[in-house]
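Listed here are the chains, written in short residue letters.
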Amino acid sequence: MKTAMERAINFNAGPAVLPVSVLERAREEMLNFENTGMSVMEMSHRSKAFEGILTKAIAGFRRVLGIPENYDVLFLQGGATLQFSMVPMNLCLSNQPMDYIHTGYWSKKAIDEAEKVGTCRLAATSEPQKFMRLPRLEEIKLDEKASYAYLCSNNTIEGTQWREFPDTGEIPLVGDMSSDILSHRFDVRKFGLIFAGAQKNIGPSGVTVVIIRKDLAERGSAKLPVMLQYRTHTKNNSLYNTPPTFGIYIAWLVMEWVESLGGLAAMERLNEEKAGILYRAIDESGFYRCPVEKQDRSWMNVVYRIKDGDEALEKKFVEEAKAQGMVGLQGHRAVGGLRASIYNAHPIEGVKTLVDFMKEFRKKNG
Ligand SMILES: *Cc1c(COP(=O)(O)O)cnc(C)c1O
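Residues numbered from 1 in each chain as written. Predicted model: local features only at pLDDT ≥ 70, side-chain atom pairs only at ≥ 80, totals over all residues. Heavy atoms only, no water.

1. Things to note about the sheet that holds strand β11 (residues 288-289)
Pairing is antiparallel in the open sheet, where 3 strands are placed in the order β11-β12-β14. With one partner strand each, in any of the chains shown, β11 and β14 (338-341) form the two edges of the open sheet. Pairing between strand β12 (residues 301-306) and β14: 4 bridges, direction antiparallel. When the sheet's bridge partners are listed, Val302 is paired in β14 with Ala340. (Pairing = 2+ DSSP bridges. Helix = DSSP H or I, 4+ residues; strand = E, 2+ residues; numbered from the N terminus.)

As structure tokens, then:
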């Protein structure tokens, strides 16, 4: 068994690596949280102790992301995937299309669900470029009557990331930020609704963070199933039913960890540095190749191939890396190749170790 100091060098895409200090604190508080005589998992979601955790988790998100007063922060279940359905169910207006920006696997899933609710338009797509770049801001063509516009801020599988968001004016912008929330600064006010499954940059799976402008929480029909209406959760402060209590607790600790490092500005610097080290090693190698256009490359999920897709060599790479403690380097089953997910909590030393390994591997197999 590995001890705490011999943790895997974890490149998993999600669920993914968490900060060691957060795990240690959770361990310390596991049997007795703040003199309650019980773990967070064992306490009532209506207790004073849990109320404190929920309040601090929400306040943490508000501070770290600079969320204005006219937005609510919700902790829901069903993953980011349920938001693919809840967003159109609540935000689609009759006879007003929903405008999607299609940038890959996850936006496709969202479009498929929206089409069950109403008329979808493609405001932009990078499918002709096989999603290896993002649409330029000026290529986005919105219907002025659109119910809302939709984008995925970081394409976890294709390895692209928006760092500047379109200005959609009166049309509410919805963002799936599952794989890059908390990784860089941005203006929440550009969005009407943001959602993120927790298991990449926030905490454990089982909790989904939704940041919603208060007026939009009132838009959906009151005839929708009660759990699928945003207003149910805004009115009850995420306590309509039992929320994912332990996940919310870890999310709070992660917020404190982000703040202890210097907040989003510090995360942004660190992520740019980490990704830069890895992309440079790929570009300079003449052996590895990143298919994504430079300006759209993700700082979270670095996607690359060996010799334009030598699958046997890629398999060998993944196996040998694993033998050296580096796990999760195979690309998503939908696209193949290699992928290093280097979320906020992935230490820079892990990236340097990977780069050293890549150099050795190239020498032996180049
Ligand atoms: C992982 C991921 C999802 C799916 O999340 P679930 O919580 O498993 O439903 C959706 N969108 C993006 C961008 C993701 O990275």
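2. A closer look at unusual backbone geometry
Between Gly14 and the following residue, Pro15, the backbone shows a cis peptide bond with an omega angle of -10°. Looking at the element boundaries, Pro15 is found in the loop between β1 (9-10) and α1 (20-28). Notably, Glu34 is not glycine yet its phi reads approximately 40°, a positive angle. One can find Glu34 in the loop between α1 and α2 (48-65). Here Lys307, not a glycine, exhibits a phi torsion of approximately 45°, which is positive. If you trace the backbone, Lys307 turns up in the loop between β12 and α9 (311-323). Here Lys307 falls in the partly exposed class, since its relative accessible area comes to 42%. (Buried < 20%, exposed > 50% of the residue type's maximum accessible area, 1.4 Å probe, protein only.)

3. Considering the pairing of strand β3 (residues 98-102)
For β3, the buried fraction is high: 5 of the 5 residues fall into the buried class. Burial along β3 is two-sided: the face carrying Met98, Tyr100 and His102 and the face carrying Asp99 and Ile101 are both buried. Relative to strand β4 (residues 120-125), β3 is paired through 5 bridges, and the arrangement is parallel. Bridged to Asp99 within β4 is Arg121. Sheet topology places β3 next to strand β5 (residues 148-152); 3 bridges connect them, and they run parallel. Along β5, the bridge assignment pairs Asp99 with Ala149.

4. What about the packing of α2 against helix α7 (residues 245-261)?
Interhelical geometry of α2 versus α7 gives an angle of 40° and a closest axis separation of 9 Å. The angle between the axes of α2 and α7 places the two elements in the oblique class. In the packing of α2 onto α7, the handedness of the crossing is left-handed. Contact with α2, carried on its side by Phe50, Ile53, Leu54, Lys56, Ala57, Gly60, Phe61, Arg63 and Val64, involves Thr245, Ile248, Tyr249, Ala251, Trp252, Met255, Val258 and Glu259 of α7 and no other residues of that element. Among the residues making up the contact of α2 with α7, the classes are represented as 12 nonpolar, 2 polar and 3 charged. (Axes fitted to C-alpha atoms, helices over the stretch in contact; angles between N-to-C directions. Parallel < 35°, antiparallel > 145°, perpendicular 65-115°, else oblique. Left-handed = near helix turned anticlockwise from the far one by under 90°. Contact = heavy atoms within 4.5 Å. Nonpolar A, V, L, I, M, F, W, Y, C, P; charged D, E, K, R; others polar.)

5. Side note on the site of the ligand
Around the ligand lies a shell of 13 residues, among which Thr81, Thr156, Asp176, Gln199 and Lys200 are the nearest. Gln199 is positioned with one of its side-chain polar atoms (N or O) 2.9 Å from an oxygen atom of the ligand. Sort the elements by how many residues they give to the shell around the ligand and helix α3 (residues 79-91) lands first, with 4 residues. For the shell around the ligand, a count of residues per class yields 4 nonpolar, 7 polar and 2 charged. (Near = heavy atom within 4 Å. Polar contact = N/O pair within 3.5 Å; in protein donor to acceptor, adjacent residues only side chain to side chain.)

6. Some details on α7
The end-to-end C-alpha separation of α7 is 25 Å, in line with the 24 Å expected for 17 residues at 1.5 Å each. Summarising burial for α7: 12 of the 17 residues are buried, a large majority. All of the buried residues in α7 are Thr245, Gly247, Ile248, Tyr249, Ile250, Ala251, Trp252, Leu253, Val254, Met255, Trp257 and Val258. Its buried side turned inward, α7 meets α1, α2, β2 (71-76) and α8 (263-285). Immediately beyond the C-terminal end of α7, within one or two residues, lies Gly262, with a positive phi of roughly 115°. (Expected span 1.5 Å × (residues − 1).)

7. Observations concerning the sheet that holds strand β9 (residues 193-197)
Two strands in a sheet stick together by hydrogen bonds in their backbones, pointing the same way (parallel) or opposite ways (antiparallel). Strand order in the open sheet made by the 7 strands is β2-β10-β9-β8-β5-β3-β4, with mixed pairing throughout. Taken across any chain shown, the strands that pair with only one partner, and hence form the sheet edges, are β2 and β4. The average undirected angle you get between the axes of adjacent strands in this sheet is 20°. Across 4 bridges, the pairing between β5 and strand β8 (residues 173-176) is parallel.

8. Some remarks on the domain arrangement of the protein
We note that the domain assignment places domain 1 (23-260) and domain 2 (262-365) within the protein. Using only C-alpha atoms to locate each centre, domain 1 and domain 2 end up separated by 27 Å. Between domain 1 and domain 2, the contact holds 27 residues from the first and 27 residues from the second. Approximately 2,400 Å² of surface area, both sides summed, lies buried where domain 1 meets domain 2, with 53% of it carried by carbon and sulfur atoms. Three residues, Ile157, Arg163 and Arg185, lead the burial of domain 1 against domain 2; their summed loss comes to 22% of the area buried on that side. For the pair domain 1 and domain 2, the interface holds 3 salt bridges. With a closest N to O distance of 2.8 Å, Arg136 and Glu293 form a salt bridge. (Domains from an automatic or database assignment. Buried area = accessible area lost by both parts, 1.4 Å probe. Salt bridge = Lys/Arg side-chain N within 4 Å of Asp/Glu carboxyl O.)

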